[in-house]
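The primary structure of each chain is shown beneath.
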Amino acid sequence: MGKRSRNRQKNQQDRNGKPDGRTRDNAGWGAGYSEIIKENKLFEHYYQELKIVPEGEFEQFMEAMREPLPATIRITGYKSHAKEILHCLKEKYFKEIQDLEIDGQKIEAPQALSWYPDELAWHTNMSRKILRKSPLLEKFHQFLVSETESGNISRQEAVSMIPPLLLKIESHHKILDMCAAPGSKTAQLIEMLHSDMDVPFPEGFVIANDVDNKRCYLLVHQAKRLNSPCIMVVNHDASSIPNLLVDSNGKREVLLYDRILCDVPCSGDGTMRKNIDVWKKWSTSNSLQLHGLQLRIAVRGVEQLAVGGRMVYSTCSLNPIEDEAVIASLLEKSEGALELADASDDLPGLKRMPGMTNWKLMTKGGEWYTDWSEVPKNLHTQIRPTMFPPTDPDKLKSLKLERCMRILPHHQNTGGFFVAVLVKKAPMPWNRRYPKIRHREAEAPPPAPPPAEEPLPAAAPGAKPEEEGEAAAEDTPLGPEPGDPAQEAAPLPKPRPPPSKKMKLFGFKEDPFVFLTEDDPVFPPIQAFYNLSPAFPKLNVLTRTHEGKKRHLYMVSKELRNVLLNNSERMKVINTGVKVWSRNNDGEQFGCAFRLAQEGIYTLFPYINARIISVSVEDVKVLLTQENPYLSKLGSDANAQAKQLAMGSIVLKYKPDPQHADAPQCPIELCGWRGKTSIRAFVPRNERFHYLRMVGVEVFREKQGRRDDQAREAPADGDPEATPTEDPEATPTEDPGKAEPEADGEAEGDLPSDGEADENNGSAPGRDATETDEAKGS
């Protein structure tokens, strides 16, 4: 053991003391970023020969590829606060930095992306190093970090924002994101689903899938920032993602999606500006190896797309083997069931190149092939016929591949990207001709869905494919799709899709999803305490355990409940729902054992008719800068309302006043606690900073901030035990007061004892923090 320790110490000295030259800037294995030469002659030769860049622009293209990628941010359009954040950015931070100079270099003010709707996406050339050189820029950086963590801003590459926009999401759409992690596009889909904030439960939903179990938890972290009851994260191989069943008018039907995002794994040569190791690793063999997987995922996607639905296929690769070749093969297999949509009028201002109609293939050794007939037999395992364009000119013309779009980096200072929009005109030919599901259901009626009170167990980790994947394997390909008149068997289709793999389930075992019944004893005290509307959907409430006391209550939309109840054996759910109530151990003496959770307040508030205090801008400032203010510190109206309420959980509601243009022009709803003589807001740290900025209070964390050593004792007025939730290094312009307790003794943002992780630390539900961090590879 001692020798091992000494060796480890020596290696540490080698890295930090630099005796062996293995430093970030002078490395032996894996050169430091400064040592990577941004040249790859094979890359240049390949794309020059393919002519993907207009004539005379190749040098500009290569120069742009060698430049760092500008930072881009997107203001989330999901919440009604988006306009307030945009106003704050434009009127405060952008104005302060537009004439700033650092080391003689003038800082360029951020610019809105011309093609992104409503000025909700911006790009800037400021690097992280520059951001830290000026106090003003440091504040801007902290603003970006804080708002990102609270879900109001997303730092996302510009071209990555394109696919969700082209899907044209509406609130009733059922959406599948096939390869979703890390989740920036998924967040866009959720935002679009919730474009109308007056609708707490949109009819549609997003099912976000990823094959990597560890990356699924990163996806959960991203999605949970948006606090939506309409998102479900699942863990499957996208090329064999199982068919799901739903109840429709008393019958079980296969779930077909209105919109599918098919952003497949790719070689990523469009990301060279930010992933500079691609310069060294790029080879034509990367695309040859990925083409088959990309095609299988795309085929599985269109199988699950409803007739009339829309699927966007995208990659961050410029290579036609991964782009047009996949689309051409997919269109040929569909025999007219699919059509490339003309998206040339969508996103005006976006510069794009039309899809290629002719390309050739090069091996790693440099040999070129223009047709499958030229490929020697010894290469048939590496090169497939689907990698070449169709040889029939009429067929090639009918595919309309020019409707695909390729984004080139030098045209608008972005990364490289490829997008194609597919519309489904009819069922896929192999689904029409092989009505497996309907025949099977005719022979044996499907079992009734499990009763609402039964838990839905997650699949055990390491389950055998033949046990857990049987249903998914049987269900592929799909049977006749809803509305399909073809019921009789027909001859074998010529271009039958590749056989699907059996579903594999692995990773952590998740806690069960247990839906409550309408007569569950938990509801009467909650109903009475908050005077819930009769329209409140009790059946949509679930918990994550069926043993002991219910610690947290969550809500999902009606359609996601339908999916969960009918597919417990078919899919592995990582996370779904939004937390709306948490158990308060002292709450029963006040009339209700559950306090409101800030995460779910915008979902729950439309059903609450009691325990509401209307507050002004000044009240919001007091509640968020003083951790446990006395009732007397509130305005007279809020004070009077609070005095009429008994102790316990409350909603603090700010309603905008159009007469006061300087005040926030969007509603604000905060969870709080009414004590004997004091009141407090239960708001996580980053959300607290967000609301403070909205009401004009500057929040800035000093680099050398020190913890407040003052005693943090809550007034002895019957409130629960105090636990501070303010960041001690955060310095609002108004002095913070003393800490108010969480209702059940837990600080907002701590890991609750039943294993439900806080979205602010990225831990996975059902895991403790240590296990989850190990899963992520940290």
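None of these values were measured; they are calculated from a predicted model.

Time to look at the packing of aromatic side chains. Aromatic rings in a pair are described by how distant their centres are and how their planes are angled relative to each other. Counted by the stated rule, this structure contains 22 aromatic pairs. When the centroid spacing of 5.1 Å and the interplanar angle of 75 degrees are considered together, the rings of Tyr-46 and Tyr-47 count as edge-to-face. On the basis of an interplanar angle of 45 degrees and a centroid distance of 6.4 Å, the ring pair of Phe-201 and Tyr-607 is categorised as tilted. Taken as a pair, Phe-201 in the loop between helix H8 (184-193) and strand E8 (205-209) and Tyr-607 in the loop between helix H21 (601-604) and strand E26 (612-615) lie far apart in primary sequence, 406 residues in all. The buried category is assigned to Phe-201, whose relative accessible area is 15%. The buried category is assigned to Tyr-607, whose relative accessible area is 13%. Linked through ring pairs, Phe-43, Tyr-46, Tyr-47, Phe-58, Phe-61, Trp-279, Trp-282 and Trp-368 together constitute an aromatic cluster.

What follows covers helix H23 (residues 636-643). Within the span of H23, buried status applies to Ala-638, Asn-639 and Ala-642. Looking down the long axis of H23, one finds its buried residues gathered within 100 degrees of arc, a one-sided arrangement. Exposed side chains of H23 directed beyond 90 degrees from the buried face belong to Ser-636 and Asp-637. Check the buried side of H23 and you find it contacts E26, helix H22 (617-625) and strand E28 (668-674).

So, on to the pattern of salt bridges. Under the criterion given, the structure shown has 22 salt bridges. Here Glu-149 makes a salt bridge to Arg-685, at a shortest N to O gap of 3.7 Å. Here Glu-149, found in helix H6 (residues 135-149), pairs with Arg-685, found in helix H24 (residues 685-694); they are 536 residues apart in sequence, far enough to count as distant. For Glu-149, a relative accessible area of 33% translates into the label partly exposed. The salt bridge involving Arg-406 is made with Glu-324; its shortest N-O contact spans 2.7 Å. Pair noted here: Arg-406 is in strand E18 (residues 405-407) and Glu-324 is in helix H12 (residues 324-334), with a separation of 82 residues, a long-range link. Look at Arg-406 and you get buried, because its relative accessible area is 2%. In this structure Glu-324 comes out as buried when scored by relative accessible area, which is 0%. By sharing partners, the salt bridges in this structure join Lys-168, Arg-310 and Asp-346 into a single network.

Further remarks concern the UniProt feature "binding site: S-adenosyl-L-methionine" (unreviewed entry) in the protein. According to UniProt, the positions carrying the feature "binding site: S-adenosyl-L-methionine" (unreviewed entry) are Cys-179, Ala-180, Ala-181, Pro-182, Gly-183, Ser-184, Lys-185, Asp-210, Asp-237 and Asp-263. With respect to the helices and strands, Lys-185 occurs in helix H8. Sequence-distant contacts of Lys-185, defined by excluding residues within four places in its chain, comprise Gln-156, Ser-160, Pro-163, Pro-164, Asp-177, Leu-261, Asp-263 and Phe-417. Mapped onto the secondary structure, Asp-210 falls in the loop between E8 and helix H9 (213-224). The exposure class assigned to Asp-210 is buried, which follows from its relative accessible area of 6%. The contact partners of Asp-210, leaving out residues within four places of it in the chain, are Met-178, Cys-179, Ala-180, Ala-181, Arg-215, Cys-216, Val-234, Asn-235 and His-236. From its side chain, Asp-210 meets the backbone nitrogen of Asp-212 in a polar contact 3.0 Å long.

Thresholds, definitions, all that
Residues numbered from 1 in each chain as written. Predicted model: local features only at pLDDT ≥ 70, side-chain atom pairs only at ≥ 80, totals over all residues. Heavy atoms only, no water. Phe/Tyr/Trp six-rings, centres within 6.5 Å; stacked < 30°, edge-to-face > 60°. Helix = DSSP H or I, 4+ residues; strand = E, 2+ residues; numbered from the N terminus. Buried < 20%, exposed > 50% of the residue type's maximum accessible area, 1.4 Å probe, protein only. Arc of directions from axis to C-beta. Contact = heavy atoms within 4.5 Å. Salt bridge = Lys/Arg side-chain N within 4 Å of Asp/Glu carboxyl O. UniProt positions renumbered as here; feature names shortened; annotations may be inferred. Polar contact = N/O pair within 3.5 Å; in protein donor to acceptor, adjacent residues only side chain to side chain.

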